[in-house]
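Structural characterization, general
These are the residues of each chain, in order.
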Amino acid sequence: MNAVEMPLIKLVNVSKIYNSNGIAVNALKNISIGIAPGEYTVIAGPSGSGKTTMLNLIGTLDTCSGGEILIDNQDVSRKTSKELAEFRLHKMGFVFQAYNLIPVLTAMENIEFAMMLKKISEKIRHEKAMHIMDELGIADLAKKRPNEMSGGQQQRVAVARAIVNDPLIVLADEPTANLDSKTGDSLLNLMEQMNEEKGITFLFSSHDKQVMDRAKRLVILKDGMITEDNILR
């Protein structure tokens, strides 16, 4: 990150404590980090290290127990749940390991869904969805529902849905976990291309070596703390 560049994502002394059967579990312990616009960062670490918790906090899907989270220079901890939903809709795209496509909708309808929530006209929704599907090589899936697609095809539709709204940030939680290595590699090529061509900031949580090897910045978590933070390329 350039020293004079404002971070797009900034965590200051962030902690997260869960209550598990009456026992306090420190999932994150005073994490501080800044991520600049356009970074391609992987948060890695073993299961239970806190990487998914960290991604959920940045994605405003959960709230921190202490500290401050600033995204696009806005303190998300001060927003109401309604404001956060609006913030996510306009600023973020999500790619989950379980795809999370809506089963009754076609690929086209899944991709258009967030634009519909933004009240974008049907004509523009359709044009943008077709354009992104053409870009990602999945135009032939337009009328198929999730149960008619392979895992790799569903994940490509999920990526299309995540980026069609031109988000500032795409958060990807273990996006290759349910894919074979060839399909996973193809998906990572796609996301790296979107990062380089569109300048979208990508933030992954993963313990997949295939994902870690592609990182431009690799942040290692262990027991809820950052143990390494390396700019790789």
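Presented here is a report on the structure given in the accompanying data block. Everything numeric in this text was worked out from a predicted model, so none of it was measured.

Side note on the sheet that holds strand β1 (residues 9-20)
Read across the open sheet, the 4 strands follow the order β2-β1-β4-β5; overall the sheet is antiparallel. Unpaired on one side and paired on the other, β2 (23-35) and β5 (74-75) mark the two borders of the sheet. Relative to β5, strand β4 (residues 66-71) runs antiparallel, the two being bridged by 2 bridges. Note on β5: the bridge partner recorded for Ile71 is Gln74.

Overview of unusual backbone geometry
Its identity as a non-glycine residue notwithstanding, Thr60 has a phi of 60°, on the positive side. Along the chain, Thr60 turns up in the loop between α1 (51-58) and β4. The exposure class assigned to Thr60 is buried, which follows from its relative accessible area of 7%.

Some details on the environment of Ser206
Structurally, Ser206 can be placed in the loop between β8 (201-205) and α7 (209-212). Judged by its relative accessible area of 0%, Ser206 falls in the buried class. Along the sequence, Ser206 and Thr106 sit 100 residues apart, while their C-alpha atoms lie 28 Å from each other. Here Ser206 is in contact with Val42, Ile43, Ala44, Gly45, Lys51, Glu174, Val211 and Met212, once residues within four sequence places are set aside. At 2.9 Å, the side chain of Ser206 and the backbone nitrogen of Asp208 are in polar contact.

Considering the sheet that holds strand β7 (residues 169-173)
Across the sheet, 6 strands lie side by side as β6-β7-β8-β3-β9-β10; this open sheet has mixed pairing. What marks the edges here is a single partner per strand, and that holds for β6 (92-96) and β10 (225-231). Strand-to-strand twist across the sheet, computed as the mean angle between neighbouring axes with direction ignored, equals 15°. In this sheet, strand β9 (residues 217-222) lies alongside strand β3 (residues 40-44) in parallel orientation, the contact comprising 4 bridges. Within β9, the position partnered with Ala44 by the bridge is Ile220. Along the sheet face, helix α5 (residues 151-163) touches β6, β7 and β8 and points at about 170° away from the line of β6. Set on the sheet, helix α6 (residues 181-198) makes contact with β3 and β8; between it and β8 the angle comes to about 145°.

Here we look at the side chain of Gln155
Relative to the helices and strands, Gln155 resides in helix α5. What Gln155 contacts, discounting residues up to four positions off in sequence, is Val95, Phe96, Gln97, Tyr99, Pro175, Leu179 and Leu187.

A look at the pairing of β2
Of the pairings in the sheet, the one linking β1 to β2 comprises 9 bridges and is antiparallel in character. Of the residues in β2, the one forming a bridge with Leu11 is Ile33. Two successive antiparallel strands, β1 and β2, enclose a turn made up of 2 residues, where Asn21 displays a positive phi of approximately 55°.

Some words on the side chain of Ser49
By the element assignment, Ser49 lies in the loop between β3 and α1. For Ser49, a relative accessible area of 1% translates into the label buried. Within polar-contact distance, the side chain of Ser49 engages the backbone oxygen of Pro46 at 2.8 Å. Here Ser49 is in contact with Ala27, Leu221, Lys222, Asp223 and Gly224, once residues within four sequence places are set aside.

What about the packing of helix α3 (residues 107-117) against α5?
Across the interface, α3 lies against α5 with an axial gap of 8 Å and an inter-helix angle of 25°. It follows from the interaxial angle that α3 and α5 lie roughly parallel. Of the two possible hands of crossing, α3 and α5 adopt the one that is right-handed. On α5, the residues that touch Ala107, Asn110 and Ile111 of α3 are Val157, Ala160 and Arg161. Considered class by class, the residues forming the contact of α3 with α5 number 4 nonpolar, 1 polar and 1 charged.

The rules behind these values
- Residues numbered from 1 in each chain as written.
- Predicted model: local features only at pLDDT ≥ 70, side-chain atom pairs only at ≥ 80, totals over all residues.
- Heavy atoms only, no water.
- Pairing = 2+ DSSP bridges.
- Helix = DSSP H or I, 4+ residues; strand = E, 2+ residues; numbered from the N terminus.
- Buried < 20%, exposed > 50% of the residue type's maximum accessible area, 1.4 Å probe, protein only.
- Contact = heavy atoms within 4.5 Å.
- Polar contact = N/O pair within 3.5 Å; in protein donor to acceptor, adjacent residues only side chain to side chain.
- Axes fitted to C-alpha atoms, helices over the stretch in contact; angles between N-to-C directions.
- Parallel < 35°, antiparallel > 145°, perpendicular 65-115°, else oblique.
- Left-handed = near helix turned anticlockwise from the far one by under 90°.
- Nonpolar A, V, L, I, M, F, W, Y, C, P; charged D, E, K, R; others polar.

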